[in-house]
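# Residue-level structure breakdown
Chain residues, written in single-letter form:
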Amino acid sequence: MSYRTADSLPPVTLDDVRGAQKMLTGVARVTAMEGSRHLSQLVGAPVHLKCENLQRTGSFKLRGAYVRIAGLLPEERAAGVVAASAGNHAQGVALASSLLGVRSTVFMPKGAPLPKISATQDYGAEVRLHGQVVDETLAAAQEYAAETGAVFIHPFDHPDVIAGQGTVGLEILEQCPEARTIVVGIGGGGLAAGIAMAVKSLRPDVRIVGVQAAGAAAYPPSLAAGHPVAVDNPATMADGIKVGRPGDVPFRIIGDLVDEVRTVSEDELATALLLCLERAKLVVEPAGASPVAALLSDPGAFEGPVVAVLSGGNVDPVLLERVLRHGMAAQGRHLAVRLRLTDRPGALATLLGVLSVVDANVLDVSHVRTDPRLGLTEAEVELHLETKGPVHCVEVGQALREAGYTVID
């Protein structure tokens, strides 16, 4: 299969996005726009959440996948489609293909979460597990396309996909016509490019801010260089925006129309996910929470009204548990502490009594008694505590030291 370069592909226009919106009528949901009182107070202006985490398949990806597959020629549909994804794009392609009566094969990494594999199969795709990372999976899907003639459906680097994602921008302007700033996560760039194209064509005064995870931020160096630049070994919990190189087609649009690209840390992503769950009652994956993380990291930098796009909610329960614990730790609401005590009856009860006095709730306790570093009568204890913030964490540590315990950093 030959793949055309960005220069040989047609540009994306407002008419393309409007055509995609008509095509998606009755297929993709017009997702809700929810206000956030907490974020509005922080920013000092109205903040609205565009809930693509409530979209069919749990993310915006259905929009672009459906438009791309619906635009195939009859002979291309007959050959089937193939995609590679760790989750969201896989589910979008699977459902879009089923709705259009097209056979789909989706390659996923061997370590992909079981709920995402199961959902992709339930939407009608044949799932093949290959490789440990998405790059290996992508190569396998492209090889399959070359061997079988199936059409490769790229997750972000095609005008039809970008036009489909751009329908999110049209909905934002319809639901919040007074918007002054739109904040959206960026991986390969399809969603941000589509929103920017749609919004800037109608409202050039609206500021578009892209957000990347600091450990997988390919756009800042790429924009500085004037061409896509790959970053080595991108690392972030936000797998939805964990892309090592910008797409050629979205890169051109983002370079022209996106006003700023910011980065956020893993702690900020975890805190944002926790906020969405606790304050907005919305389950959002780390990539979907990236715009909220940007607002939390620098709330005074955004002119309101602000719309933050929650791009997806397909978070693996195991990852969710880890991220929530990480987010609570970042807020000083979860404290892990290791210490040594004398290994004798009643020692643990005495320790718990100290923690009770400072009102620290014990979540988990583990003992180590056989370790070369320990003396004959010593034991090492690791405690996971529920705390009330950074000041309380300091108080807990101080109380333990004053009680004579050796706290191990």
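Figured I'd write up the structure that's included with this text. Just so it is clear, the structure is predicted and the values come from calculations on it, not from any experiment.

This next bit is on the pairing of strand β4 (residues 104-108). Of all 5 residues in β4, 5 are buried; the element is thus mostly enclosed. Covered by surrounding structure in β4 are S104, V106 and M108 together with T105 and F107, the residues of both alternating faces. Looking at chain direction, strand β3 (residues 81-84) and β4 are connected through 4 bridges and run parallel. Residue pairing in the sheet places A83 in a bridge with V106 of β4. Following the chain from β3 across helix α5 (residues 88-100) to the adjacent parallel β4, one finds a crossover that is right-handed. Inspection of the sheet shows β4 paired to strand β5 (residues 126-129) by 4 bridges, in the parallel sense. In the strand pairing of β5, M108 is matched with L129. Regarding the hand of the β-α-β motif, the stretch spanning β4, helix α6 (residues 114-122) and β5 is right-handed.

To continue, consider the sheet that holds β3. Ordered by their spatial adjacency, 4 strands build an open sheet running β5-β4-β3-β6, and the pairing between neighbours is parallel. The open sheet is flanked by β5 and β6 (151-152), the only strands paired with a single partner. Summarising the sheet, β3 and β6 pair through 2 bridges and their orientation is parallel. Each residue of the ladder has a partner; that of V82, found in β6, is F152.

Over its 15 residues, helix α7 (residues 134-148) extends 21 Å from the first C-alpha to the last, a length consistent with the 21 Å expected when each residue adds 1.5 Å. When we look at burial in α7, the residues that qualify are T137, A140, A141, Y144 and A145. Along the axis of α7, the buried positions cluster into a sector of 140°, meaning they face one direction only. Seen from the open side of α7, the exposed residues pointing more than 90 degrees away from its buried face are D135 and E147. The inward-facing, buried residues of α7 contact β3, β4, β5 and β6. Immediately downstream of α7, the backbone of G149 shows phi near 85°, a positive value.

Moving on: unusual backbone geometry. Looking along the chain, the bond that leaves G304 and enters P305 is cis, with omega of 0°. Relative to the helices and strands, P305 resides in the loop between α13 (290-297) and β10 (306-310). Even without a glycine there, the phi angle at T57 is positive, about 70°. Note that T57 resides in the loop between β2 (47-51) and α3 (61-70). Its identity is not glycine, yet K281 carries a phi of approximately 60°, on the positive side. Taking relative accessible area as the criterion, K281 reaches 64% and is therefore assigned exposed.

I69, V81, V93, I182, I195 and V309 are the most contacted members of the largest nonpolar core, which has 63 residues in total. Looking at which element gives the most residues to this core, the answer is helix α9 (residues 190-202), with 8 residues. Excluding residues within four positions of it along the chain, I182 makes contact with I172, I195, V199, V206, R207, I208, V209, V307 and V309.

Tallied over the full model, the rule gives 14 salt bridges. The salt bridge partner of D239 is K116, with a shortest N-O separation of 3.4 Å. Note that D239 is positioned in the loop between α10 (219-225) and α11 (248-257) and K116 in helix α6, a separation of 123 residues in sequence. A relative accessible area of 7% places K116 in the buried class. With its nearest N and O atoms 2.6 Å apart, the salt bridge here joins R180 to D205. Separated by 25 residues along the polypeptide, R180 in the loop between α8 (159-175) and β7 (181-185) and D205 in the loop between α9 and β8 (207-213) bring together distant segments of the chain. Classification of R180 by relative accessible area gives partly exposed; the value is 27%. What emerges from the salt-bridge pattern is a single network uniting K50, E52, R63 and E171.

The next subject is the environment of A293. Note that A293 resides in helix α13. Separated by 130 residues in the primary sequence, A293 and A163 have C-alpha atoms spaced 26 Å apart. What A293 contacts, discounting residues up to four positions off in sequence, is V264, E268, L269 and A272.

Positionally, M328 belongs in helix α14 (residues 317-330). Sequence separation of M328 and C276 is 52 residues, and the distance between their C-alpha atoms is 13 Å. Sequence-distant contacts of M328, that is, excluding residues within four places in its chain, are made with L274, R333 and H334.

About the thresholds
- Residues numbered from 1 in each chain as written.
- Predicted model: local features only at pLDDT ≥ 70, side-chain atom pairs only at ≥ 80, totals over all residues.
- Heavy atoms only, no water.
- Buried < 20%, exposed > 50% of the residue type's maximum accessible area, 1.4 Å probe, protein only.
- Helix = DSSP H or I, 4+ residues; strand = E, 2+ residues; numbered from the N terminus.
- Pairing = 2+ DSSP bridges.
- Right-handed = clockwise from strand over helix to strand, strands pointing away.
- Expected span 1.5 Å × (residues − 1).
- Arc of directions from axis to C-beta.
- Contact = heavy atoms within 4.5 Å.
- Core = buried A, V, L, I, M, F, W, Y, C linked by side-chain atoms within 4.5 Å.
- Salt bridge = Lys/Arg side-chain N within 4 Å of Asp/Glu carboxyl O.

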